[in-house]
Amino acid sequence: MNLRIVDFLGKKKTVTAVFLVILIVLGAIFWSLRQQKTSQTLEHLSDQLSLALDNQLDKERETALRFALILGKNTALGAALENNDEDLGFKILSEVMESIKTHTNVLIRSQIITSDYIIFTRSWDSSYAGMPLEYFRPDLLYFQNHRKPRSEIEVGRKLGVKATVPIYNKAKMLGFVEVLSFFEPTKEYFDRLGIDLYILMDKRFYDTAVFMQENPSIGKKYILANSKYTQKDIKDLNGIDYQALKDAHAVSHKGKYFFYEPMKNGEGEIIGAFVFSLTQKQISNYAHSEQEDISFLIPLSRDQIYDTMAKESLGNAIFQTKYDKELLYMKDIVPPEDRDLYLEEARERLNAYSKEELIGIMLNYKVSKKVQGEIR
């Protein structure tokens, strides 16, 4: 009888052990599948955030460039600059900006800079006239060898998008007209989605960006460029391992996921970072959604997705300058009232290309219209 009990207990232990092993294996498989699903979700989401960010930054650059090009053709403004009439320059510029705000409800910041890099006037403040900028704006040296405008993220006394158009009287450079934007449209876009976007500038520009020297430091490498933030934002950002974030593009920290995108200036140099923050709940909702539409979380329209993909395809064409590529891309978004000015500028640029170069550009442009896959 005792032997039977011992035998029964032994078999029971064996069954229990086997059952526990099965549970452990199933648990490991379930955990592995869950981790894989999370990894795929984060990778897909990172791609969408990157696409949406590029789309919004392109819009911000193009809007600034469009206004700067129009201002650059203002003969009265050019005459005031040539005659060194700062009061008249401020009057003309501020009136134009006020008219834009009245009719479009868009606030535009614009400034005129002399050919020797001194502030001539600003639309929002006349007190900085006469201030030298050469130390703060090394990007302006680009125009020593180039005549064409550009619109890029640059570090000046403050980090932002700067659309710069040189002003000429025949062959003589009079100066520059600039339209400035500080990521407000891009930040507002992600705010509407419930996604926090943090704009971080590399600390090595501390001496240059004098208007940001009172901004919070983030870790050992960055300065926060956001105009609005909370102490919790600062605490969260300071708790991130930025090397791990750069390597993985997404990390988890205290119930949130953070995503990384490098920030580059007009020369392609990394000057900071864009960091997105989403809650665990947002990630879980996204992971469990059965929708695979690319616009599920980032609600880009069909046209916006096409425009971004088309512009990336245009990068395959060979352009003499980045401005020429931007100019060709803008052909479908130029408003009717600016059409004649745009066509005049485009003709001037296209005349600088050989027949073979034009064929190469057009072949790449046609290819860019084929968007693979179904966008529902």
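This text goes with the structure placed above it.
Attention in this report is confined to the structure presented alongside it. (Residues numbered from 1 in each chain as written. Predicted model: local features only at pLDDT ≥ 70, side-chain atom pairs only at ≥ 80, totals over all residues. Heavy atoms only, no water.)

**Details of the overall build of the protein**
Part 1 of the argument: When you go through the protein residue by residue, the secondary structure sums to 11 helices and 11 strands.
Part 2 of the argument: The contacts of the protein with a sequence gap of at least 6 include a subset with a gap of at least 24, amounting to 57%.
Part 3 of the argument: Summed over its atoms, the accessible surface of the protein is roughly 21,200 Å², and 54% of this surface lies on carbon and sulfur atoms. (Helix = DSSP H or I, 4+ residues; strand = E, 2+ residues; numbered from the N terminus. Contact = heavy atoms within 4.5 Å. Areas by Shrake-Rupley, 256 points an atom, 1.4 Å probe, with all protein chains shown as cover.)

**Some thoughts on the pairing of strand 9 (residues 250-253)**
Part 1 of the argument: Where strand 9 and strand 10 (residues 256-264) come together, four bridges link them in antiparallel fashion. Each residue of the ladder has a partner; that of Ser252, found in strand 10, is Tyr257.
Part 2 of the argument: The hairpin turn running from strand 9 into strand 10, its antiparallel successor, is two residues long, and Lys254 in that turn takes a positive phi close to 50°. (Pairing = 2+ DSSP bridges.)

**With respect to the pattern of salt bridges**
Part 1 of the argument: Applying the stated criterion across every chain, the model contains 12 salt bridges.
Part 2 of the argument: As a salt-bridge pair, Arg61 and Asp58 come within 2.7 Å of each other at their nearest N and O atoms. One end of the pair, Arg61, and the other, Asp58, are both in helix 1 (residues 2-72), three residues apart, so they sit about a helical turn from each other. Take Arg61 and Asp58: they sit in the same class, and that class is buried.
Part 3 of the argument: Between Lys91 and Glu95 there is a salt bridge, and its shortest N-O distance comes to 3.0 Å. (Salt bridge = Lys/Arg side-chain N within 4 Å of Asp/Glu carboxyl O. Buried < 20%, exposed > 50% of the residue type's maximum accessible area, 1.4 Å probe, protein only.)

**Observations concerning the side chain of Glu60**
Part 1 of the argument: Here Glu60 lies in helix 1.
Part 2 of the argument: Buried charge without a partner: Glu60 forms no salt bridge, and the closest opposite charge is Arg109, 7.4 Å away.
Part 3 of the argument: Aside from chain neighbours lying at most four places away, what touches Glu60 is Val161, Ser181, Phe182, Phe183, Glu184, Pro185 and Thr186. (Lys, Arg positive; Asp, Glu negative; His and termini not counted.)

**A short note on helix 5 (residues 231-238)**
Part 1 of the argument: Three or more residues of helix 5 are buried, namely Asp233, Ile234, Asp236 and Leu237. With its buried residues spanning 165° around the axis, helix 5 presents them on a single face. Facing away from the buried side of helix 5, by more than 90 degrees, are the exposed residues Gln231, Lys232 and Lys235. (Arc of directions from axis to C-beta.)

**Topic: the nonpolar core**
Part 1 of the argument: Counting residues in hydrophobic clusters, the biggest one holds 53 residues, and the most contacted among them are Ile153, Leu159, Phe190, Phe259, Phe274 and Phe276.
Part 2 of the argument: For this core, the element with the most residues is helix 1, which contributes 12 residues.
Part 3 of the argument: Apart from residues no more than four positions distant in its own chain, Phe274 is found in contact with Leu53, Leu57, Ile153, Phe183, Leu197, Tyr198, Ile199, Phe259, Tyr260, Glu261, Pro262 and Met263.
Part 4 of the argument: Counting residues in each nonpolar core, the second largest holds 15 residues, with Ile218, Ile240, Tyr242 and Ala273 among its members. (Core = buried A, V, L, I, M, F, W, Y, C linked by side-chain atoms within 4.5 Å.)

**What to know about the sheet that holds strand 6 (residues 196-202)**
Part 1 of the argument: In space, the six strands of this open sheet follow the order 7-8-6-11-10-9, with antiparallel pairing throughout. Two strands close off the open sheet at either side, each with one partner strand: strand 7 (217-218) and strand 9.

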